[in-house]
Amino acid sequence: MSAPTEHVDSVRTYAIVWIVLLILTGVTTAVAYVDLGHFNVVAALSIAVGKMLLVALFFMHVRHSTQLTRLVVSGGLLWLAILITLTMADVVTRGWIGVPGR
Amino acid sequence: MASHAHAETLAVQEQFDTAAQQKDASGLGMWIFLITEIMFFGGLFLVYIVYRSKYPDVFGAASRSLNATIGAINTAVLLCSSFTMVLAVRAGQLGRRKAIIVFLILTLILGFVFLGVKAYEWNEKFQEHHIPGPSFLMEGVAEQGHAQLFFSLYFAMTGLHALHMVIGAGLLSVLLWQAWRGKFSAAYYTPIDMVGLYWHFVDIIWIYLFPLLYLIDRHGPKP
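Turning to the overall build of chain B, a few remarks are in order. What chain B contains, in helices and strands, is 6 helices and 0 strands. Along the chain direction, N to C, the helices and strands of chain B fall in the order α-α-α-α-α-α. Expressed along its principal axes, the backbone C-alpha trace of chain B runs to roughly 70 × 30 × 30 Å. Of the contacts formed within chain B by residues at least 6 apart in sequence, a portion of 76% connects residues at least 24 apart.

Shown next as structure tokens:
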């Protein structure tokens with residue numbers, strides 16, 4: 001009756017990740033009130049990506065998961081990126097070239 | 001033995017070679033489900049990005065009308081619930097029944113705190129007439145329709161997120177019942193692990209909703 005040998009992270013590791021996540025929440029809120037121009041969006045989303053990575057790698061155990069799971073997760077994010085990039089490529093550039101008869 | 005189907009919890013099903021392989025398969029299946037969820041929420045995020053790029057001023061003004069402090073507090077509440085959830089999974093790995101129950105209850109409580117704060121925020125929107133519909137009124141904005149579009153997306157996205165939280169609370173309650181009955185051990189805690197993945201995923205959705213809805217236009221030109 002051998003249990004699958006699981007990697008058990010220490011409470012300390014989880015606590016550190018949790019505290020970093022809370023700090024990042026404070027930072028992203030504070031930075032939002034500083035005028036950085038377009039970099040406000042960049043800063044907010046970079047912090048969000050960082051928080052997502054922390055949650056996925058540590059809390060969702062992606063760092064201990066199989067290669068196949070990692071591939072599937074990356075594949076999912078890739079399709080999301082395709083969805084957003086191609087749609088925005090259309091929306092943003094639609095007005096660039098005059099279309100005859102429009 | 002078909003009559004023992006309910007006792008499948010510990011045994012390795014015939015299609016798997018080892019318990020580890022069975023568990024990996026569960027994890028992979030859960031991740032594939034979560035990816036369908038990513039695409040599902042992704043569509044809403046995309047619509048939000050498109051309309052925000054189309055009507056930046058109105059979306060900025062509408063975004064500034066949200067209470068960022070409450071949003072930040074709720075983000076912290078949700079991150080705390082993820083922490084307690086991961087500790088419940090860890091307790092499962094170690095087969096500690098009492099710890100599983102305690103951390104599941106904490107996660108459930110924090111989930112309800114989040115939903116309570118959300119309900120308070122939505123109630124505020126009702127009082128401010130920021131609910132899309134005939135009585136919608138956002139002062140200082142010329143294009144009321146575009147502002148309604150923002151709040152339609154706000155309610156669709158936060159509403160769908162809250163619905164996921166409610167489903168998550170239901171799943172946690174089932175786990176709590178099963179943990180109480182002593183179903184889980186170090187050899188078998190897959191359901192806790194899978195609900196954990198779901199709970200953290202819902203957390204990640206909020207990690208993006210919070211800056212996109214509340215933060216990115218905080219200091220823009222005041223209308």
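With that out of the way, let us pick up the interface of chain B and chain A. Taken together, the contact pairs 41 residues of chain B with 42 residues of chain A. Taken together, the elements giving at least two residues each to the side of chain B that touches chain A come down to α1 (19–54), α3 (68–94) and α6 (190–215) of chain B. In terms of residues, the side of chain B that touches chain A owes the most to one element, α1 of chain B, which gives 16 residues. Its residues placed into classes, the side of chain B that touches chain A shows 28 nonpolar, 8 polar and 5 charged.

Turning next to the domain arrangement of chain A. Segmenting chain A into domains produces domain 1 (10–60) and domain 2 (64–94). Computed from C-alpha atoms alone, the centre-to-centre distance between domain 1 of chain A and domain 2 of chain A is 21 Å.

Residue and element names in this part refer to chain B. Contact geometry for α1 and helix α5 (residues 144–180): axes closest at 11 Å, N-to-C directions at 160 degrees. In terms of orientation, α1 lies roughly antiparallel with respect to α5. Viewed along their axes, α1 and α5 form a crossing whose handedness is left-handed. On the side of α1, the interface is formed by L44, V47, Y48 and Y51, while α5 contributes L149, L153, A156 and M157. Looking at the contact of α1 with α5, its residues break down into 8 nonpolar, no polar and no charged.

About the cut-offs
- Residues numbered from 1 in each chain as written.
- Chains lettered and ligands numbered in written order.
- Predicted model: local features only at pLDDT ≥ 70, side-chain atom pairs only at ≥ 80, totals over all residues.
- Helix = DSSP H or I, 4+ residues; strand = E, 2+ residues; numbered from the N terminus.
- Contact = placed C-beta atoms within 7 Å.
- Nonpolar A, V, L, I, M, F, W, Y, C, P; charged D, E, K, R; others polar.
- Domains from an automatic or database assignment.
- Axes fitted to C-alpha atoms, helices over the stretch in contact; angles between N-to-C directions.
- Parallel < 35°, antiparallel > 145°, perpendicular 65-115°, else oblique.
- Left-handed = near helix turned anticlockwise from the far one by under 90°.

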